[in-house]
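# Residue-level structure breakdown
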Amino acid sequence: MSSSTSQATDDSTGQSALQTTENRHSEGGSHILNTWNADENSFQESFFQIAARGVHKKYHKGANEIPVLQGVDIEIREGEFLAIVGQSGCGKSTLLHLMGTLDRPDAGEIYLADNRIDNLPASARDRLRNETFGLIFQFYHLLPELNALGNVLLPLMIRHGFFGYLRNRRDFRKRAKALLDKVRLSHRLRHKPRELSGGEMQRTAIARALINQPRVLLADEPTGNLDRVAGQEIIEILRNLNASENLTIVMVTHDEKIAQQADRTVRLVEGRIE
Amino acid sequence: MYKLILCWRYLQTRYIALASVISVTLGVATLIVVNSVMSGFTHEMQHRIHGILSDLVFDGHGLEGFSDSRWHMDRIRKIAGDDIEAMTPTVHVPAMLNYRVGQRWVHRQVNFIGIDAKTYAQVSDCSNYLQHPENRMEPSFQLREGGYDLHDRELGDESPYRHGMEMAGWPHRRRLATEEKAWLAAQKKNRPKLTIPERVGRSDPFSGIDTPLRAAESEAGVEQRWGPLSKSQVFDKATQQETGVIIGYALAQVLGHEGDHYFLVLPGDDVKLTFPTAGTPPKAVSGSFTVVDFYQSKMSEYDSAFVFAPIKKLQEMRGMIDPTTGIANVNSIQIKLREGADLEAVRDKLRAAFPPEIYAISTWRDKQGPLLAAVQMETAILNILLFLIIAVAGFGILAIFFMIVVEKTKDIGILKSLGASGAGVMAIFLSYGLLLGSVGSGAGLILGLLFVRHIDSVRKGVEWLSGQPVFDPSIYYFQQIPTLVDPRMIVWVIAGAMAIAVIASVLPALRAARLHPVEALRYE
Ligand SMILES: Nc1ncnc2c1ncn2[C@@H]1O[C@H](COP(=O)(O)OP(=O)(O)O)[C@@H](O)[C@H]1O
Ligand SMILES: [Mg+2]
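Just so you know, these numbers come straight off a predicted model, no measurement behind them. (Residues numbered from 1 in each chain as written. Chains lettered and ligands numbered in written order. Predicted model: local features only at pLDDT ≥ 70, side-chain atom pairs only at ≥ 80, totals over all residues. Heavy atoms only, no water.)

When its secondary structure is counted, chain B shows 19 helices and 13 strands. Considering chain B as a whole, with its 524 residues, one finds that 51% of them fall into the buried category. Residue pairs in contact within chain B that sit at least 24 positions apart in sequence constitute 75% of those at least 6 positions apart. A total accessible area of about 25,000 Å² is found for chain B, and carbon and sulfur atoms account for 60% of it. (Helix = DSSP H or I, 4+ residues; strand = E, 2+ residues; numbered from the N terminus. Buried < 20%, exposed > 50% of the residue type's maximum accessible area, 1.4 Å probe, protein only. Contact = heavy atoms within 4.5 Å. Areas by Shrake-Rupley, 256 points an atom, 1.4 Å probe, with all protein chains shown as cover.)

If you want it as structure tokens, here you go:
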């Protein structure tokens, strides 16, 4: 799948997605989704931005099989801020990785809008991760060799070739600085990750996730390693992004209090969504 | 872009990788130095060998040689006329050089060569190697009045002093003659009747000559032993010379304990040469000759074996001249080709025209084949050994890269989670290897070239440190260690080192490219 076709789908669904945002806190919204869920493929219109259908995933530990996901069905609408909660080790990260095309399910499908993405070739999945998804991790996962600005610019460097990057590097730097400004880190541009606090690192990671203007933000316990204040700050940023830019956010957490601040919360129990 | 940046950052932060590069640097530097010195030696040696040997040698098998050199030369000219610049006939014969040192006779096995001084100088640079400036201009078998080189011409005044050379030539000969006369007079006074020692067997011309000085022999005795004197019936040693010979420097020279050169024989001394005649079976003939100059090509093989004499004299003494026709035999014809002629092609043309059972035709390279091949083989083996050093460095790079890949597992996961492709990740490590290779071989190149450039200062430094001469010019005959930097060799060495560095980084890079992003991210 090329990004241009996915962009086109995005545009066509934009109008309807906007309409649904009005009442996405209401019971009706989730009811629509549920009925849609029960009656597969009956709706042509994409109410959802990303969806998992009957996803199974197990790990092999020697001879043992560890079944982690056992038929996960989930749909996330465009502009929704969804929290997935579950106990530690229940497979939340695994699910998020599957949605972010970092891994492939053993069975089941993952859709982005109308397009199945779990069976795409590696190059297309690389591209999706670069352009369509923004990923945030519990342990920030910044490159220690690069400073904050460099880390934020990294997805742009990956996306554009050597000359493409060089040609536009002024623009790109401006964009990265603006994003870092937005997460209130303009005073830390030249700091290496080890010179930053946990909250600052996570904010850098958010800026990095946003630099390619993704359609979906996938956050794996973004506050898991932070104290309450810094964690709250991160959640505020995510809520702001969701509200002001209508960014679809899927956040995984084991913390009920954090999860409550999302639009909608689903539970992952024993490999299924409850 | 990120590839370059990360690659550069890794280079800056992983000094251990730079350590692995040091062996690449050293390997490249040694390769360059060794190759430069070896090709310097080879070049110098080839130059010298070629200075002695003519381009093509046309040999007849056996001591008898072949008849009528003029007819042969005409024929050769007809076959390869365009390529031929000059030709000269020579007579080669194994011989025994005999000269007297104090009370003892010294015998040396030599290669006695009869040449035509004028035309021989046209086919080879041998006259450059003579020790009298005028002989270098125009070689001659006439003894000079003096003025022989007191130091090596190429090495200058720094080189060992040649004791006795200041007297060499006619002054030396006149002194000898006076001494002999004085001795004879003293003998006459002491013992009214001079007894010449009994000759024991005629076949051995030197047996019984055991008197303290050669002067013990009366002129009559000389005549009896060495045949009728050619120039005058009364041979006056002070004013007359025997037929001139030019002998190899190493045949006459000995080293003094402080490194100066002394001579067992000087220009002006008489020596005796014994060699086989051309008949069947060959008989030994002996003749007395006067040394007129030394020949020093600095190829010890030649300097300790060659003795040159006029070809006519040799032909006469060996009985190579047909008494009825007056046509003389020769052993070989030396041919010089014009600049740029294809040696091998001309050789093959001549080989096709002259039957191989009678003639052996070879280029100077063929003649020195074993020596040059030995040097070449040595160079090849050294190259292999040194490349093994770089290969070992390659394994170092391999190990360190694997370490870095393991250490960077998480970063690789991050890059992949941000959309970097396997190829992109692989490129980081490949270019890292390339970068290390180029840094290493670049440093090695600079180091090697500096070493080659200042090799004599290095030598002096080592000599000063160790107190031992490392490179004695009087042994190697070179004032400086000869070096020749061949750009092609440099390109090969650098390319080889780079290739090894890149090949060594392929496996770790592949491993990095294959890393599963999720597992890499979970890696702690
Ligand atoms: N590579 C793996 N090999 C074996 N087991 C794994 C592997 N990765 C994850 N697991 C197991 O899968 C389960 C789910 O992991 P994860 O998705 O990280 O849970 P969560 O994020 O909800 O804490 C855990 O029990 C974990 O031990
Ligand atoms: Mg987890």
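With that out of the way, let us pick up the sheet that holds strand 9 (residues 264-269) of chain A. Residue and element names in this part refer to chain A. Read across the sheet, six strands follow the order 6-7-8-3-9-10 without closing on themselves; strand pairing throughout is mixed. Each having just a single partner strand, strand 6 (133-136) and strand 10 (272-273) make up the two edges of the open sheet. With four bridges connecting them, strand 3 (residues 81-85) and strand 9 associate as parallel partners. Its bridge partner being in strand 9, Leu 82 is matched across the sheet by Arg 264. Docked against the sheet, helix 3 (residues 92-99) engages strand 3, strand 6, strand 7 (216-220), strand 8 (248-253), strand 9 and strand 10, running at close to 155 degrees with respect to strand 7. (Pairing = 2+ DSSP bridges. Axes fitted to C-alpha atoms, helices over the stretch in contact; angles between N-to-C directions.)

Looking now at the side chain of Asn242(A). Within the fold, Asn242(A) resides in helix 9 (residues 228-245). From its side chain, Asn242(A) meets the backbone oxygen of Leu247(A) in a polar contact 2.7 Å long. (Polar contact = N/O pair within 3.5 Å; in protein donor to acceptor, adjacent residues only side chain to side chain.)

Quick look at unusual backbone geometry now. All names here are of chain A. Despite not being glycine, Arg 184 shows a phi value in the positive range, around 55 degrees. Inspection of the secondary structure assignment puts Arg 184 in the loop between helix 7 (169-182) and helix 8 (198-210). Judged by its relative accessible area of 45%, Arg 184 is partly exposed. One non-glycine residue, Glu 270, lies in positive phi territory at about 50 degrees. Within the secondary structure, Glu 270 is located in the loop between strand 9 and strand 10. Of the residues examined, Glu 270 reaches a relative accessible area of 68% and is grouped as exposed.

What follows covers helix 1 (residues 2-13) of chain B. Because an α-helix packs 3.6 residues into every turn, residues spaced three or four apart end up facing the same way. For helix 1 of chain B, with twelve residues, the first-to-last C-alpha span of 16 Å sits near the 16 Å given by 1.5 Å per residue. Tyr2(B), Leu6(B), Cys7(B), Tyr10(B) and Leu11(B) are the residues of helix 1 of chain B that are buried. Down the axis of helix 1 of chain B, the smallest arc covering the buried residues is 165 degrees, so these residues share one side. The secondary structure elements touched by the buried residues of helix 1 of chain B are helix 5 (148-159) of chain A together with helix 2 (15-52), helix 14 (409-417) and helix 15 (422-453) of chain B. (Expected span 1.5 Å × (residues − 1). Arc of directions from axis to C-beta.)

Taken together, Tyr59(A), Ile66(A), Val68(A), Gln87(A), Ser88(A), Gly89(A), Cys90(A), Gly91(A), Lys92(A), Ser93(A), Thr94(A) and Arg522(B) make up the full set of residues near ligand 1. Per-site note: the chains with residues close to ligand 1 are chains A and B. One of the side-chain N or O atoms of Ser93(A) is found 2.6 Å from an oxygen atom in ligand 1. Here an oxygen atom of ligand 1 and a side-chain polar atom of Arg522(B) are 2.8 Å apart. Relative to its unbound accessible surface of 560 Å², ligand 1 loses 74% to contact with the protein. At the level of secondary structure, the elements contributing two or more residues to the shell around ligand 1 comprise strand 2 (64-77) and helix 3 of chain A. A total of three residues in the shell around ligand 1 trace back to one element, the largest contributor, which is helix 3 of chain A. (Near = heavy atom within 4 Å.)

Glancing now at the interface of chain A and chain B. Between chain A and chain B, the residue contacts involve 25 residues of the former and 26 residues of the latter. Interface area, chain A with chain B, both sides summed: about 2,300 Å², of which 68% is carbon and sulfur. A per-residue breakdown of the area chain A buries against chain B is headed by His141(A), Glu145(A) and Ile158(A), which together make up 28% of the total. The tally of links between chain A and chain B comes to one salt bridge. With a shortest N-O distance of 2.5 Å, Lys408(B) and Glu145(A) are connected by a salt bridge. Applying the counting rule to chain A against chain B returns seven residue pairs in polar contact (both at pLDDT 80 or more). Breaking the side of chain A that touches chain B down by element, the ones donating at least two residues are helix 3, helix 4 (122-131), helix 5 and helix 6 (162-167) of chain A. At four residues, helix 5 of chain A tops the list of elements feeding residues into the side of chain A that touches chain B. Across the side of chain A that touches chain B, the residue classes break down as 15 nonpolar, five polar and five charged. (Buried area = accessible area lost by both parts, 1.4 Å probe. Salt bridge = Lys/Arg side-chain N within 4 Å of Asp/Glu carboxyl O. Nonpolar A, V, L, I, M, F, W, Y, C, P; charged D, E, K, R; others polar.)

Residue and element names in this part refer to chain A. With antiparallel pairing, the four strands of this open sheet are ordered in space as 2-1-4-5. Each having just a single partner strand, strand 2 and strand 5 (115-116) make up the two edges of the open sheet. In this sheet, strand 5 lies alongside strand 4 (residues 107-112) in antiparallel orientation, the contact comprising two bridges. Note that in strand 5 the partner of Tyr 111 across the bridge is Arg 116.

For the rest of this paragraph, the subject is the pattern of salt bridges. Enumeration over the complete set of coordinates arrives at 30 salt bridges over all chains. Arg184(A) is the partner of Glu233(A) in a salt bridge, and the nearest nitrogen-oxygen pair spans 2.5 Å. Of the two residues, Glu233(A) sits in helix 9 while Arg184(A) sits in the loop between helix 7 and helix 8, which places them 49 residues apart along the sequence. Two residues, Arg459(B) and Asp456(B), come together in a salt bridge whose shortest N-O distance is 2.8 Å. Remark: Asp456(B) and Arg459(B) occur in helix 16 (residues 455-466); sequence separation between them is three residues, near one turn of the helix. Accessibility expressed as a relative area gives 12% for Asp456(B), which makes it buried. Several salt bridges converge on common partners, so that one network encompasses Arg347(B), Asp348(B), Arg351(B) and Asp366(B).

Read these as geometric descriptors, not functional statements.
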